[in-house]
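Fold and geometry: a report
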Amino acid sequence: MGGKAARQAVGAVGGRQVTLRFVVCWMLAMTVSAATPEFGVRVVHVYPHDRTAFTQGLEIHDGLIYEGTGLEGHSDVRVERLETGAILRRIAIAPQYFGEGITVLAGQVFELTWQAHQGFVYSESKLQLQREFRYPGEGWGLTNDGNQIYMSDGTAQIRIWNANTLHEERRITVHDGAKQIDMLNELECVRGEILANVWQTDRIARISPQDGRVLGWIDATGLLMPEERAQNPDVLNGIAYDAKRDRLFVTGKLWPKLFEIKLIPKHR
């Protein structure tokens, strides 16, 4: 849909006592050099996006956008043409459900709901409902790496599912140093990493799927101009990666635009 303390020390080198000032300066230098990399974004292209879509999940396959939207009574899964935003296929879910993340794998589209513990599986080609499944806790984001499915639930944990049984096999806790990063929302697998929106921010975490370490931060501030914003919570949410053409896309809830972006390292 969420500071580091400095320590003082005195050491000895080659039998000589080093000063407190030297040690503190060395520790500060180590802290800066070990800081998590930061990236800004450069807009490559802008595409239209349905301003009424409360975006929860976003993926791209064969040049088409697959999107899951939320809100009770308005949730659906849809397939859209990237260049025009035209909706080619869609399926609404029952009005009592709040749709959440989606992912496309092996000819199927998997969808979560927020608090109902209810998931749905559709055919990729026609978006016909094939089966339902259950899971504990809240459902937020979904993605896959071609073999496993990754799920977020609004905490700092990402669950890893068997793609065939949809049973949880393990979890990772996402952390930047000693700090856990919670409120993880929409997910996307990109070049061996997991990208995750942090709910109600313009920040995207680059995460190691092995141990949950944050490998870098993406700052997408300023993509949408203030005059283009509609209402709260029109926040950044939605990441799609086109592996065939190495293209990265982002959008937000109720945003009128979908952005193709490139990452630009920030210099400290």
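None of these values were measured; they are calculated from a predicted model.

1. Remarks on the sheet that holds strand β10 (residues 118-123)
An order of β8-β9-β10-β11 is seen for the 4 strands of this open sheet, with the pairing classed as antiparallel. The two strands at the open ends of the sheet, each matched to only one other strand, are β8 (99-105) and β11 (129-134). Taken pair by pair, the neighbouring strands of this sheet meet at an average axis angle of 20 degrees, ignoring direction. Relative to strand β9 (residues 108-113), β8 runs antiparallel, the two sharing 5 bridges. Counterpart to Gly 99 in the pairing with β9 is Thr 113.

2. Here's the deal with unusual backbone geometry
Where the residue is not glycine, phi is negative for most of them; where a peptide bond is considered, it is trans in most cases. Positive phi, close to 60 degrees, is recorded for His 117, a residue that is not glycine. Considering the arrangement of structural elements, one finds His 117 in the loop between β9 and β10.

3. Digging into the sheet that holds strand β7 (residues 87-92)
The antiparallel open sheet is built from 4 strands, whose spatial order is β4-β5-β6-β7. Each edge of the open sheet carries a strand with a single partner, namely β4 (55-61) and β7. Taken pair by pair, the neighbouring strands of this sheet meet at an average axis angle of 15 degrees, ignoring direction. Bridge count for strand β5 (residues 64-69) against strand β6 (residues 76-81) is 5 bridges, and the pairing is antiparallel. Opposite Ile 65, over in β6, you have Glu 80 as the bridge partner.

4. Regarding the packing of aromatic side chains
Summed over the entire model, instances satisfying the criterion amount to 9 aromatic pairs. An aromatic cluster of three or more residues is present, and its members are Phe 54, Phe 98 and Trp 114. Note that Arg 206 overlies the ring of Phe 39, its terminal NZ or CZ placed 4.7 Å from the centroid.

5. Some words on the pattern of salt bridges
As enumerated under the stated definition, the model contains 14 salt bridges in all. Linking Lys 257 and Glu 228 is a salt bridge whose minimum nitrogen-to-oxygen distance equals 2.4 Å. Here Glu 228 lies in the loop between β21 (214-219) and β22 (236-242) and Lys 257 lies in strand β24 (residues 257-265), a separation of 29 residues in the sequence. The exposure class assigned to Glu 228 is buried, which follows from its relative accessible area of 16%. The salt bridge involving Asp 242 is made with Arg 247; its shortest N-O contact spans 2.9 Å. Here Asp 242 and Arg 247 have matching classes, each one buried.

6. Description of the side chain of Thr 103
Tracing the backbone shows Thr 103 in strand β8. Using a relative accessible area of 0% as the deciding quantity, one classes Thr 103 as buried. Here the side chain of Thr 103 touches Glu 59 through a polar contact of 2.4 Å, side chain to side chain. Side-chain polar atoms of Thr 103 contact the side chain of Asn 144, separated by 2.7 Å. With sequence-adjacent residues up to four places away left out, Thr 103 is seen in contact with Glu 59, Gln 108, Val 109, Phe 110, Leu 142, Thr 143, Asn 144 and Ile 149.

7. Remarks on the pairing of β22
Burial analysis of β22 places 7 of its 7 residues in the buried class, which makes it a mostly covered element. The pairing of β22 with strand β23 (residues 247-252) spans 5 bridges and is classified as antiparallel. Across the sheet, residue Asp 242 finds its bridge partner in β23, namely Arg 247. Following β22, the chain reverses through 4 residues before pairing antiparallel with β23; Asp 246 in that reversal takes a positive phi of roughly 55 degrees.

8. Re the environment of Val 250
Tracing the sequence through the fold places Val 250 in strand β23. The exposure class of Val 250 is buried, given its relative accessible area of 1%. Each C-alpha atom of the pair Val 250 and Ile 239 lies 4.6 Å from the other, and the pair is 11 residues apart in sequence. Residues within four places of Val 250 in sequence aside, it is in contact with Ile 204, Leu 223, Leu 236, Gly 238, Ile 239, Leu 258, Phe 259 and Ile 261.

9. Quick notes on the pairing of strand β14 (residues 157-162)
One ladder, built from 5 bridges, connects strand β13 (residues 148-152) with β14; its direction is antiparallel. Residue Ile 149 lies in a different strand from β14, and its bridge partner there is Trp 161. Turn length for the β13-β14 hairpin, with the two strands adjacent in sequence and antiparallel, is 4 residues, and the turn residue Gly 154 shows positive phi of about 90 degrees. Sheet topology note: the β14/strand β15 (residues 168-173) ladder contains 5 bridges and is antiparallel. When the sheet's bridge partners are listed, Ile 160 is paired in β15 with Arg 170. Taking the residues between adjacent antiparallel strands as the criterion, β14 and β15 are bridged by 5 residues, where Leu 166 takes a positive phi near 60 degrees.

Calculation criteria
Residues numbered from 1 in each chain as written. Predicted model: local features only at pLDDT ≥ 70, side-chain atom pairs only at ≥ 80, totals over all residues. Heavy atoms only, no water. Pairing = 2+ DSSP bridges. Helix = DSSP H or I, 4+ residues; strand = E, 2+ residues; numbered from the N terminus. Axes fitted to C-alpha atoms, helices over the stretch in contact; angles between N-to-C directions. Phe/Tyr/Trp six-rings, centres within 6.5 Å; stacked < 30°, edge-to-face > 60°. Lys NZ or Arg CZ within 6 Å of the ring centre and 35° of its normal. Salt bridge = Lys/Arg side-chain N within 4 Å of Asp/Glu carboxyl O. Buried < 20%, exposed > 50% of the residue type's maximum accessible area, 1.4 Å probe, protein only. Polar contact = N/O pair within 3.5 Å; in protein donor to acceptor, adjacent residues only side chain to side chain. Contact = heavy atoms within 4.5 Å.

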